[in-house]
Amino acid sequence: MTNQRPWWLRTLLSGRRQALTTTGWLPSRWATGIAGADLRILFLGDVLGRTGRDTVCERLPGLRRDLRIELAVVNAENASHGFGLAPDMAKALFAAGADVITLGNHAWDRKEIIPFIAENPRLIRPLNYPPGTPGAGSVLVTLQDGRKALVLQAMGRLFMDPMDCPFRGTAEVLSKYRLGHSVQAIVADIHAEASSEKMAYAHTFDGQVSFVVGTHTHCPSADAQVLPGGTGFQSDAGMCGDYDSVIGMVKDGAAMRFWRKMPGEKLGPAEGPATVCGVFVETDDATGHARRIEPVRVGGRLSQAMPAV
Ligand SMILES: [Fe+2]
Ligand SMILES: [Fe+2]
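The following refers to the structure shown. (Residues numbered from 1 in each chain as written. Chains lettered and ligands numbered in written order. Predicted model: local features only at pLDDT ≥ 70, side-chain atom pairs only at ≥ 80, totals over all residues.)

## Let's talk about the nonpolar core
Piece 1. Core analysis: the largest hydrophobic core is formed by 69 residues, its most contacted members being L42, V74, V187 and V212.
Piece 2. When residues of this core are assigned to their parent elements, the largest contribution, six residues, is made by strand β6 (residues 148–155).
Piece 3. If sequence neighbours within four positions are ignored, V187 has contacts with I41, F43, V73, A149, V151, S210 and F211. (Core = buried A, V, L, I, M, F, W, Y, C linked by C-beta atoms within 7 Å. Buried ≥ 20, exposed ≤ 12 C-beta atoms within 10 Å, placed from the backbone. Helix = DSSP H or I, 4+ residues; strand = E, 2+ residues; numbered from the N terminus. Contact = placed C-beta atoms within 7 Å.)

Dropping the structure here:
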């Protein structure tokens, strides 16, 4: 029966419509609203220092190609020597294929990013900073084929700086969008220390976003799952950095701080080979929910993980 369908319909149903739309064969409006169509998203965790930046810039184009990624989000709050993000680093990550960059509690460590964020809406910071903070906590992205995705970031409050409520702030942003209708996907980055807070956040918004992924702890968690309401979840994406370290910083100085309880050397980023860590998520356009969420770990010291597509 399938073979009796015309070629263009077979192509449409076989998931190759992205290629058709980008080459101009198919009007972009046909690309949206097709039940069963999917969207492939890559989210990479905290990029740490030069080794993290260089490795992500080197690996991201290949990951986009091999996993047929249509939306790539990268957390880069530690890109500059472990503390903050400079404008030239943000430009390099965008050029390498990041569609959206998120930040975190190190958002303002490099002051030059403050005027930059005001002019670059695809660089976002946590939405629950006080009103009047530069930049925005969410961005609506239009993909090449016309589909829309919302990316937002909220910051936790347990063992973190005092902030406005991440739950209330997220609910307020989500009230403006309908997953599977006005947007095909919603990505939520919860930048937090406590896995309990991240899990509570994910369950609170289960069904309302495509996936929730945690950032900030710099250790990839082994709890990737699709929650009962259809939201993908992993409590931490892990960092893109050298894991022969203490969360990305040179291990000797960092360990001494715990061991001797005395001020030691200034902390600096470990510069060995980096592991690129994150999650791969495939969503269903009809609902916006996750069909699957799987860890990505490439290069460096960690065990390797690459989803099959
Ligand atoms: Fe971080
Ligand atoms: Fe952080």
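From this point, things continue past the structure.
## Points about the sheet that holds strand β5 (residues 138–142)
Piece 1. Read across the sheet, six strands follow the order β5-β6-β7-β8-β10-β9 without closing on themselves; strand pairing throughout is mixed. In this open sheet, the two strands that pair with only one neighbour each are β5 and β9 (225–226).
Piece 2. Where helix α6 (residues 166–174) meets the sheet, it contacts β5, β6 and β7 (185–191), and its direction lies at approximately 165° from that of β6. (Pairing = 2+ DSSP bridges. Axes fitted to C-alpha atoms, helices over the stretch in contact; angles between N-to-C directions.)

## Description of the packing of helix α3 (residues 49–66) against helix α4 (residues 87–96)
Piece 1. Contact geometry for α3 and α4: axes closest at 8 Å, N-to-C directions at 20°. Accordingly, the angle class assigned to the pair α3 and α4 is roughly parallel. Crossing of α3 over α4 shows left-handed handedness. Here R53, V56, C57, L60 and P61 of α3 lie close against α4, whose contacting residues are M89, A92, L93 and A96.
Piece 2. Considered class by class, the residues forming the contact of α3 with α4 number eight nonpolar, no polar and one charged. (Parallel < 35°, antiparallel > 145°, perpendicular 65-115°, else oblique. Left-handed = near helix turned anticlockwise from the far one by under 90°. Nonpolar A, V, L, I, M, F, W, Y, C, P; charged D, E, K, R; others polar.)

Limitation: the analysis is restricted to geometry and does not speak to function.
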